[in-house]
Amino acid sequence: MLNPGLTGSAASFSFSLPSIAVFCAALQPVVGIIVLSVTIMQTPEAHTRFWIPELDDVYHYLAGISTNALMGLGAFTALTTYWLAFQKKAIKPRIDPNQQSVELPGGEGIRRSLLMEGDQPITCYYHDACTLYELFLRGLRESNNGPCLGSRKPNQPYEWQSYREVADRAEHIGSALLHRGHSHTGDKFIGIFSINRPEWTISELACYTYSLVTVPLYDTLGREAISHIIDKATIATVICDVPEKAWMILECINGKGTPVKTIVIIEAFETDLVKRAQECDVEVISFKEFEALGKDNHVEPVADCMLCVHDVHISYLPLAHMLERVIHGVILIHGARIGFFQGDIRLLMDDLQTLKPTVFPVVPRLLNRMCDKIFSQADRPLKKWLLHLAFSRKTAELNKGVTRRDTIWDRLIFRKVQANVGGRVRMMITGAAPVCPTNLTYIRAALGCQLYEGYGQTESTAGCSMSLPGDWIAGRVGPPLPCNDMKLVDVPEMNYFAANGEGEVCVKGPNVFKGYLNDPEKTAEALDEDGWLHTGDIGKWLPNGTLKITDRKKNIFKMAQGEYIAPEKIEMVYNLSQLVAQIFVHGDSLQACLVGVVVPDPETLPEWMKKRGIEGTHSELCKNKDVKKAILEDIWRLGKEAGLKSFEQVKDIVLHPEMFSIQNGLLTPTLKTKRAELQSYFREKIDEMYTKIKM
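Because the structure is a prediction, the values reported are computed rather than measured.

Visitor: So what exactly am I meant to see when it comes to the side chain of H618 here?
Guide: Looking at where H618 falls in the secondary structure, it is placed in helix α21 (residues 618-622). Polar contacts involving the side chain of H618 include one to the main-chain carbonyl oxygen of P657, which spans 3.4 Å. Dropping the residues within four chain positions of it, H618 is found in contact with P600, D601, P602, L605 and P657.

Visitor: Would you take a moment to explain the packing of aromatic side chains for this structure?
Guide: Two numbers describe a pair of aromatic rings. These are the distance of the centres and the angle of the planes. On inspection of all chains with the given rule, the structure shows nine aromatic pairs. With a centroid separation of 4.9 Å and 80° between ring planes, the pair formed by Y125 and Y126 is classed as edge-to-face. Under the relative-accessibility criterion, Y125 is labelled exposed at 53%. Residue classification places Y126 among the buried positions, given a relative accessible area of 17%. Ring pairing ties together the aromatic residues F391, F414 and Y442, which thus form one cluster. R111 extends its terminal NZ or CZ atom over the ring of W541, reaching a point 5.3 Å from the ring centre. If you follow R138 out to its NZ or CZ, it ends over the ring of Y126, 3.5 Å from the centre.

Visitor: So what exactly am I meant to see when it comes to the side chain of H182 here?
Guide: Locating H182 in the fold gives a position in the loop between α6 (163-179) and β7 (189-193). Taking the relative accessible area as the measure of exposure, H182 reaches 3% and is therefore buried. A distance of 3.0 Å separates a polar side-chain atom of H182 from the backbone oxygen of D187.

Visitor: I tried to follow the sheet that holds strand β11 (residues 283-286) on my own but got confused; where do I start?
Guide: Strand pairing in a sheet relies on backbone hydrogen bonds. The paired strands run either parallel or antiparallel. The parallel open sheet is built from five strands, whose spatial order is β8-β7-β9-β10-β11. Only two strands of the sheet have a single neighbouring strand rather than two, namely β8 (213-217) and β11. Strand-to-strand twist in this sheet, taken as the mean axis angle between neighbours without regard to direction, amounts to 25°. Taken together, the four bridges between β7 and strand β9 (residues 237-240) define a ladder with parallel strand orientation. By the bridge assignment for β9, G191 is matched with V238. Helix α8 (residues 223-233) contacts β7 and β8 of the sheet and is inclined by roughly 165° relative to β8.

Visitor: It is not clear to me how the environment of W200 should be interpreted in this structure. Could you clarify?
Guide: Relative to the helices and strands, W200 resides in helix α7 (residues 198-209). Expressed as a C-alpha distance, the spacing of W200 and I239, which sit 39 residues apart in the sequence, is 8.6 Å. Among all residues touching W200, those that are not within four sequence positions of it are I192, S194, I195, P216, L319, A320 and R325.

Visitor: Would you take a moment to explain the sheet that holds strand β25 (residues 594-600) for this structure?
Guide: Across the sheet, three strands lie side by side as β24-β25-β26; this open sheet has mixed pairing. Only two strands of the sheet have a single partner each, and these edge strands are β24 (580-586) and β26 (650-655). Taken over all neighbouring pairs, the strand axes of this sheet differ in orientation by 25° on average, direction set aside. Two elements, β25 and β26, share five bridges in a ladder whose sense is parallel. For V597, the partnering residue across the bridge sits in β26 and is V654.

Visitor: Mind showing me how you'd approach unusual backbone geometry here?
Guide: Leaving glycine aside, a negative phi is the common case for residues, and trans is the common case for peptide bonds. In this structure, N145 takes a positive phi of about 60° despite not being glycine. Summarising the element assignment, N145 is placed in the loop between α5 (132-143) and β5 (147-151). The partly exposed category is assigned to N145, whose relative accessible area is 36%. Phi angles above zero are rare outside glycine, and T234 is one such case at about 45°.

Visitor: Would you take a moment to explain helix α22 (residues 625-641) for this structure?
Guide: Structural remark: α-helix, 3.6 residues per turn; residues separated by three or four positions point the same way. For α22, spanning 17 residues, the distance from its first C-alpha to its last is 24 Å, which sits close to the expected 24 Å at 1.5 Å a residue. Taken as a whole, α22 has its buried residues at V627, A630, I631, L632, D634, I635, L638 and G639. The N-terminus of α22 is capped by N624, whose side-chain oxygen sits 2.8 Å from the backbone nitrogen of D626. Just downstream of α22, G643 is the residue with a positive phi angle, here 85°.

Quick notes on the rules
Residues numbered from 1 in each chain as written. Predicted model: local features only at pLDDT ≥ 70, side-chain atom pairs only at ≥ 80, totals over all residues. Heavy atoms only, no water. Helix = DSSP H or I, 4+ residues; strand = E, 2+ residues; numbered from the N terminus. Polar contact = N/O pair within 3.5 Å; in protein donor to acceptor, adjacent residues only side chain to side chain. Contact = heavy atoms within 4.5 Å. Phe/Tyr/Trp six-rings, centres within 6.5 Å; stacked < 30°, edge-to-face > 60°. Buried < 20%, exposed > 50% of the residue type's maximum accessible area, 1.4 Å probe, protein only. Lys NZ or Arg CZ within 6 Å of the ring centre and 35° of its normal. Pairing = 2+ DSSP bridges. Axes fitted to C-alpha atoms, helices over the stretch in contact; angles between N-to-C directions. Expected span 1.5 Å × (residues − 1).

So far we have only geometry, and geometry alone does not tell us how the molecule works.
Written out as structure tokens, the structure reads:
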């Protein structure tokens with residue numbers, strides 16, 4: 001691995017020890033041949049002894065070359081040998097990238113993955129791991145009882161629990177639940193109200209071990225929703241991480257009959273909480289005591305790829321959502337490790353640099369922020385030129401199926417970006433919302449890792465399609481997974497027809513849910529009579545059999561002039577602006593145009609406006625009319641370049657200095673915008689914009 005560094009007019013190179021060893025190994029046979037040739041030419045005895053008549057012309061040719069030239073030729077040969085031996089090979093696709101799915105006969109437009117063997121969908125990848133409990137036991141065997149779950153305190157290294165320790169603790173928690181009257185045939189729903197931490201996974205595994213069902217809760221749902229879930233699932237036991245959440249549970253059940261009988265708390269709590277719980281006829285017990293209870297009343301368990309044991313996953317996406325839990329399952333079945341973040345998303349970069357994960361799931365919003373960071377550092381023409389050159393060279397390799405992070409561009413341009421996420425990431429997956437194809441390609445090039453784009457819903461166990469290894473063209477979510485079939489159905493009000501390869505995405509297979517708990521009406525809305533899940537997303541089949549998500553049926557609205565609008569598509573285009581951190585596009589059937597709320601990027605905006613002679617704090621810039629005009633013109637330009645129609649462009653915007661966040665209730669835990677909450681929060685400003693437009 002060469003590391004060029006210029007000093008004056010001379011270039012010096014520093015080699016790592018592995019590179020020296022490999023280079024010398026490649027050089028040794030070549031040098032030996034050259035030394036032998038020189039010896040033969042210069043020593044009469046050797047000349048006679050080693051003379052081969054068939055090589056007479058070669059000997060005469062070598063005799064006319066100087067020793068220095070021969071040594072140079074040898075060095076060149078060694079370097080060429082080294083380059084050929086260690087050149088990164090392209091990932092070999094398992095199926096033809098030009099035909100990744102096939103349409104089934106029958107005329108219904110049903111497509112199936114070519115990875116599916118036979119007519120039956122895959123229900124398990126390993127025959128010794130057909131249940132979630134068996135999945136963990138396989139990881140225990142594969143890892144040879146290696147490290148499993150890791151966590152850390154601020155400014156401290158990660159501390160790890162082994163697979164055996166996790167299995168034992170899960171059995172103790174599960175045994176305690178059985179001792180309290182839970183069973184897989186009766187009271188089987190267990191609430192978990194916690195951020196990502198080892199106890200979350202241990203509690204979940206406890207349920208899998210004894211065929212119980214986890215019901216995730218999170219505080220951004222609000223008290224009313226939490227109360228509804230508890231009542232709907234008749235949850236008798238809730239496991240909380242902090243006392244504040246236990247207080248919230250008690251407030252939800254105050255003054256009414258409730259199924260909650262036990263609250264288990266992981267962190268320390270005060271006696272006031274215990275007294276208040278007793279008034280509600282609820283017992284509060286610590287996680288440690290609950291674990292000891294299960295140990296004393298132990299019950300034997302009765303539960304009905306591309307990763308290896310060296311891989312490490314960082315867990316920060318909420319475990320209340322299906323995607324993160326599926327990723328945990330994939331990690332554990334291979335005996336790999338899960339390291340949890342500290343609980344504060346603002347410290348995620350610190351956790352990444354400490355843990356140095358190899359597997360890193362991301363949401364589109366985080367990808368967009370990473371891209372903004374990369375391009376904001378190119379503040380001079382030369383830097384911009386180098387950055388675009390580096391991207392073009394690495395993208396060219398991507399198009400050949402090669403992903404790596406050991407090129408000269410990685411050393412010069414992308415090393416800092418890679419170090420920010422730990423420097424070892426080799427696999428990423430994104431989903432949850434549409435992602436800009438350009439940004440996806442940039443991240444693949446900058447991090448030099450495999451980045452897969454998936455699509456699915458909780459109702460389809462997170463995924464129903466995903467891009468495949470070797471297919472690095474961004475903007476599509478791959479063929480159907482081999483566990484389900486997919487088809488498109490007509491959406492005539494939006495002018496989408498399955499005959500044209502466009503329509504609402506529908507999924508059917510063993511990964512599709514059976515229905516919403518105790519809610520047949522909602523179940524009938526999602527599942528049709530034939531068992532097809534109607535996702536509400538609009539998709540398009542591409543010629544190679546992959547799916548492209550193009551629109552959203554559920555969030556569309558009709559304008560006063562009768563045109564249908566998909567706001568998420570417009571927001572994705574506007575988010576390409578370096579000046580925009582977040583945006584909310586609004587419209588309704590009583591108005592003839594769109595308006596928007598923009599949160600300017602607090603890092604990019606000041607520097608960008610300073611070049612135009614405008615300075616001030618972030619809040620001051622958000623009140624400046626010239627700043628608003630500049631941002632509006634920039635997003636109009638992007639909309640025009642993306643082919644947005646005139647009625648799809650916002651007519652006015654308002655600048656808001658505070659980021660939409662989970663804390664202020666404007667984002668979901670997976671960082672999706674809460675459209676209803678945003679509309680209510682900015683109602684006054686929205687009405688004011690429409691009033692000015694009409695004037």
